[in-house]
Amino acid sequence: MLYLIFKRLVIGAVTICAVSIIIFLGTKVLPGDAAQIRLGQEATPENLAALRARLGLDLPLWQQYLNWLFAFLQGDLGNSLAGDAPVSELIADRYKNTLIVSLLTAAIGVPISLVFGILAAMFPGSPYDRVLTLVTVSLVAAPEFFTATLLVLIFVFWLGVGNSVVIGSIEGLDFWGLMKHFALPIGVMCLIIASQLVRMTRAAVLNVMSSPYIEMAILKGLSRQRIILRHALPNAVGPIVNLVALNLAYLVTGVIVVEIFFAYSGLATLIVQGVQTRDFVVVQAVGMIFCAAYVFLMLVADIAAIVSNPRLRYAK
């Protein structure tokens with residue numbers, strides 16, 4: 001087990017390093033740089049050269065990347081190229097909104113999706129199963145901005161409930177206050193993860209139902225509900241945990257469209273602003289947070305799968 005965890009950690013570190021290189025090169029491919037955007041079109045060549053030298057943009061690309069990497073490994077996220085503010089302060093001002101929306105969505109959407117998926121497996125082919133399949137397939141086909149627009153149209157314009165733009169401070173709000181403040185973003189994210197999690201939970205449970213020991217339980221006369229809850233579900237935990245981890249990783253990285261749509265200040269809007277201002281330091285820092293969260297959740301999923309299925313501990 002320790003060897004497998006160490007192996008996953010090494011793979012995760014390599015993945016993070018590769019992603020950092022891709023993000024860095026991606027920001028450099030975009031036209032212009034932070035110095036041009038800060039000084040505007042009226043800047044003289046001398047002023048541009050002086051600002052680029054101060055920001056380190058006149059150095060070769062490999063040297064810029066290594067300078068950022070060495071500082072990052074020491075825990076220094078650097079200063080924003082767009083405004084000279086420490087990146088750690090910019091992140092500290094915004095991470096709460098992203099974290100709260102992701103946690104509330106996970107706390108609400110994941111249990112409900114699992115229950116719906118298990119119920120669909122209990123009654124396959126029933127009207128409930130057919131309607132649920134139709135709804136989830138429709139949600140999978142719909143992009144995030146379409147789902148958000150539909151919820152805003154229904155709740156804000158038709159029912160007069162909620163706001164299409166999330167504004168105001170969250171300081172001092174309790175659980176229900178946070179739910180009310182982020183109601184529409186949480187609703188959109190819950191629908192997005194439910195579209196995948198419900199269908200895949202149903203498929204994982206039904207896949208286990210075809211096992212020989214399940215057939216023996218059926219021959220003994222046990223009810224379908226008892227067979228699923230007592231026999232099939234424990235053996236489907238591994239795939240289900242992987243699905244939950246994948247959806248939680250999506251909540252961290254896929255919240256960008258939702259944040260931009262509802263215009264609330266979070267890490268996703270910060271990385272978009274960094275791209276607009278060609279501030280590769282901000283983009284790198286936030287991108288590493290997203291990538292590290294994704295790698296960590298995948299590690300948790302792998303460990304859960306190995307614990308639930310001892311056969312995975314040994315090489316074939």
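In short, a report on the structure. Treat the numbers as computed from the prediction; the structure is a model and nothing was measured.

**What to know about the overall build of the protein**
- The helix and strand inventory of the protein stands at 16 helices and zero strands.
- Taken along the three principal axes of its C-alpha coordinates, the protein extends 85 × 55 × 35 Å.
- In the protein, buried positions account for 38% of the 316 residues.
- At a minimum sequence separation of 6, the contacts of the protein that also span at least 24 residues come to 73%.
- Split by element, the accessible area of the protein, about 17,400 Å² in all, is 68% carbon and sulfur.

**Considerations on the side chain of Thr 27**
- Among the secondary structure elements, Thr 27 is positioned in helix α1 (residues 2-29).
- Thr 27 sits in the buried class, given a relative accessible area of 11%.
- Polar side-chain contacts of Thr 27 include one of 2.7 Å to the backbone oxygen of Phe 24.
- Residues contacting Thr 27, with those up to four places away along its chain left out, are Phe 280 and Val 283.

**Remarks on unusual backbone geometry**
- One non-glycine residue, Arg 278, lies in the positive phi region at around 60 degrees.
- Counting through the fold element by element, Arg 278 comes out in the loop between α15 (267-276) and α16 (280-308).

**A word on the side chain of Asn 97**
- Mapped onto the secondary structure, Asn 97 falls in helix α6 (residues 95-122).
- Take Asn 97: its relative accessible area is 14%, and that puts it in the buried class.
- Beyond its immediate chain neighbours, meaning those up to four positions away, Asn 97 contacts Ile 170, Phe 182, Tyr 264, Ser 265 and Gly 266.

**Looking at the pattern of salt bridges**
- Following the criterion strictly, the structure yields one salt bridge and no others.
- Measuring nitrogen to oxygen at the nearest pair gives 2.9 Å for the salt bridge that ties Asp 129 to Arg 202. Remark: Arg 202 occurs in helix α10 (residues 183-208) and Asp 129 occurs in helix α7 (residues 127-141); sequence separation between them is 73 residues.

About the thresholds
Residues numbered from 1 in each chain as written. Predicted model: local features only at pLDDT ≥ 70, side-chain atom pairs only at ≥ 80, totals over all residues. Heavy atoms only, no water. Helix = DSSP H or I, 4+ residues; strand = E, 2+ residues; numbered from the N terminus. Buried < 20%, exposed > 50% of the residue type's maximum accessible area, 1.4 Å probe, protein only. Contact = heavy atoms within 4.5 Å. Areas by Shrake-Rupley, 256 points an atom, 1.4 Å probe, with all protein chains shown as cover. Polar contact = N/O pair within 3.5 Å; in protein donor to acceptor, adjacent residues only side chain to side chain. Salt bridge = Lys/Arg side-chain N within 4 Å of Asp/Glu carboxyl O.

All quantities given are derived from atomic positions and should not be read as evidence of function.
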